[in-house]
Amino acid sequence: MTGLRYVYAVCRPFGAPLQAQLAGVAGDPPRLLTHHGLVAVVSHVPEADFAEEPFHAHLEDLDWLTTVARAHQGVIDALTTVTTPLPLRLGTVFRDDSGVRTMVEAREESFLRTLARLDGRVEWGVKVFVEAEQTPGPAAAPSPRKPASGRDYLRQRRMETKSHDDLWQRAEAFSTHLHETLSGCAEDSRLHAPQNPTLSGASGRNVLNAAYLVPRAESEKFVETVERTRDGAPGIRVELTGPWAAYSFAGEESVAGEEGA
Amino acid sequence: MTVVERREIALVDLLDRLLAGGVVITGDLTLRIADVDLVRIDLNALISSVNANVPSPFEELR
């Protein structure tokens with residue numbers, strides 16, 4: 001099969017084989033392309049879907065994006081069981097194997113440095129949500145006249161707003177404290193933008209969306225810490241995801257920008 | 001409510017990592033960084049188009 005090369009990750013050489021039935025983003029099983037002491041994990045993808053233009057068009061198709069994202073994650077997950085992969089961003093595509101080799105060669109040093117930094121570490125995701133009020137959603141009828149008097153309405157509204165503000169303040173304090181605590185148990189942390197509830201389908205408003213880099217060996221302790229802080233905060237919900245490959249920590253720390261490839 | 005390892009990963013959590021994380025490589029046929037930022041914008045457009053059809057589950061409190 002010809003086509004373009006989709007690269008999932010770069011790793012150090014590892015002994016174990018990849019799962020046999022692993023399918024890549026376009027159904028083509030990923031293979032290992034070894035170059036200069038590094039391994040690029042690559043599969044063939046059709047140009048009709050993955051060349052720059054069609055790829056961009058596809059990105060607006062949530063179903064397509066979902067399929068590709070899950071396949072990409074499937075490969076990274078499989079790699080995580082045998083090594084510590086350095087994941088590349090979704091949609092990293094090259095014309096052919098030699099393009100991949102050139103890229104690996106140009107960035108060898110930085111890959112090795114980052115792989116050393118991430119070796120044996122995983123990423124945990126922690127999110128804090130402020131639970132939605134118990135309002136039964138948008139008023140059923142196109143809301144003709146409110147029954148209560150104007151003054152009652154305003155008073156009610158003020159109280160709602162006040163308890164809402166209190167909850168937000170508590171949530172903010174809670175999140176700050178949680179982030180400090182967890183940063184203390186982690187080697188590094190990143191703050192992601194709060195998630196849009198429409199896309200996440202999660203109830204409540206997302207106020208903290210953080211990622212923590214934790215050595216595998218200390219993961220259990222980290223998870224316990226999250227579990228402990230979870231109690232005793234009414235109206236506030238904590239969610240934990242992971243372990244992930246260190247996606248959020250794959251970028252250069254703050255090394256001067258080298259224009260690779 | 002415990003560790004969600006076995007639950008299907010939420011798409012948003014995945015996209016936070018796949019579109020905002022990972023090593024960004026420029027050159028050859030890969031998307032340039034500016035293009036990757038566009039991905040976020042496209043996604044926002046997508047979200048707002050979803051919004052138009054799906055009523056917000058929350059009443060806006062001002």
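Reading guide: rules and limits
Residue numbering note: each chain is counted from 1, following its sequence as written. Lettering of chains starts at A and numbering of ligands starts at 1, both following the order in which they are written. Where totals are concerned, whole chains, interfaces and linings use all residues; where local detail is concerned, this predicted model gives features only for residues with pLDDT of at least 70, and gives and counts side-chain atom pairs only at 80 or more. Axis lines are fitted to C-alpha atoms, over the contacting stretch for helices. Their N-to-C directions set the angle, which ranges from 0 to 180 degrees. Working definition: helices are DSSP H or I runs of at least four residues, strands are E runs of at least two. Numbering for both runs from the N terminus. The labels follow the angle: roughly parallel below 35 degrees, roughly antiparallel above 145, roughly perpendicular from 65 to 115, and oblique for the rest. Definitions for this section: a left-handed crossing has its near helix turned counterclockwise from the far helix by less than a right angle. A right-handed crossing has that turn clockwise. By the convention adopted here, residues are in contact when the distance between their C-beta atoms, placed from the backbone, does not exceed 7 Å. Here the nonpolar group is Ala, Val, Leu, Ile, Met, Phe, Trp, Tyr, Cys and Pro; Asp, Glu, Lys and Arg are the charged ones; every other residue, Gly included, is treated as polar. By the convention used here, strands pair only if DSSP detects at least 2 bridges between them. An automatic or database domain assignment is the source of the domain bounds shown. With C-beta atoms placed from the backbone, a residue is buried if 20 or more other C-beta atoms are within 10 Å of its own, exposed if 12 or fewer are, and partly exposed between those counts.

Enquirer: Looking at this structure, how should I read the packing of helix 6 (residues 150–184) of chain A against helix 8 (residues 219–229) of chain A?
Expert: Think of two packed helices as two axes; the pair is described by the angle between the axes and how far apart they sit. All names here are of chain A. The contact between helix 6 and helix 8 brings their axes to 10 Å, and the two run at 160°. Judged by the angle between their axes, helix 6 and helix 8 are roughly antiparallel. Remark: the crossing between helix 6 and helix 8 carries right-handed chirality. Every residue of helix 8 that contacts helix 6 at L178, T181 and L182 is listed here: T225, V226 and T229. Of the residues contributing to the contact of helix 6 with helix 8, the split by class is three nonpolar, three polar and no charged.

Enquirer: Help me understand the sheet that holds strand 6 (residues 121–130) of chain A, please; the structure alone is not making it clear to me.
Expert: Sheets are built from strands that pair by backbone hydrogen bonding, the pairs being arranged parallel or antiparallel. Residue and element names in this part refer to chain A. What the four strands build is an open sheet, ordered 7-8-6-9; its pairing is antiparallel. At either end of the open sheet lies a strand with only one pairing partner, and these are strand 7 (188–191) and strand 9 (236–244). Neighbour-to-neighbour, the strand axes of this sheet turn through a mean angle of 20°, independent of strand direction. By the bridge criterion, four bridges tie strand 7 to strand 8 (residues 205–215) in an arrangement that is antiparallel. What sits directly across from D188, in strand 8, is L213.

Enquirer: Sorry, what's going on with the domain arrangement of chain A here?
Expert: Interface size is commonly expressed as the accessible surface area that is lost when the partners come together. Residue and element names in this part refer to chain A. Taken domain by domain, chain A holds domain 1 (4–118) and domain 2 (121–249). A separation of 33 Å is found between the C-alpha centroids of domain 1 and domain 2. In this assembly, six residues from domain 1 lie in contact with five residues from domain 2. Here the residues of the side of domain 1 that touches domain 2 sort into four nonpolar, two polar and no charged.

Enquirer: What is the right way to read the pairing of strand 3 (residues 38–45) of chain A from this model?
Expert: The two faces of a sheet get side chains in turn, since along a regular strand they alternate between them. Residue and element names in this part refer to chain A. Burial runs high along strand 3: eight of the eight residues are buried. Here strand 3 shows two buried faces, one formed by L38, A40, V42 and H44 and the other by V39, V41, S43 and V45. Across seven bridges, strand 1 (residues 4–11) lies against strand 3 in antiparallel orientation. Directly across from A9, in strand 3, lies its bridge partner V41. Taking the residues between adjacent antiparallel strands as the criterion, strand 2 (residues 31–35) and strand 3 are bridged by two residues, where H36 takes a positive phi near 55°.

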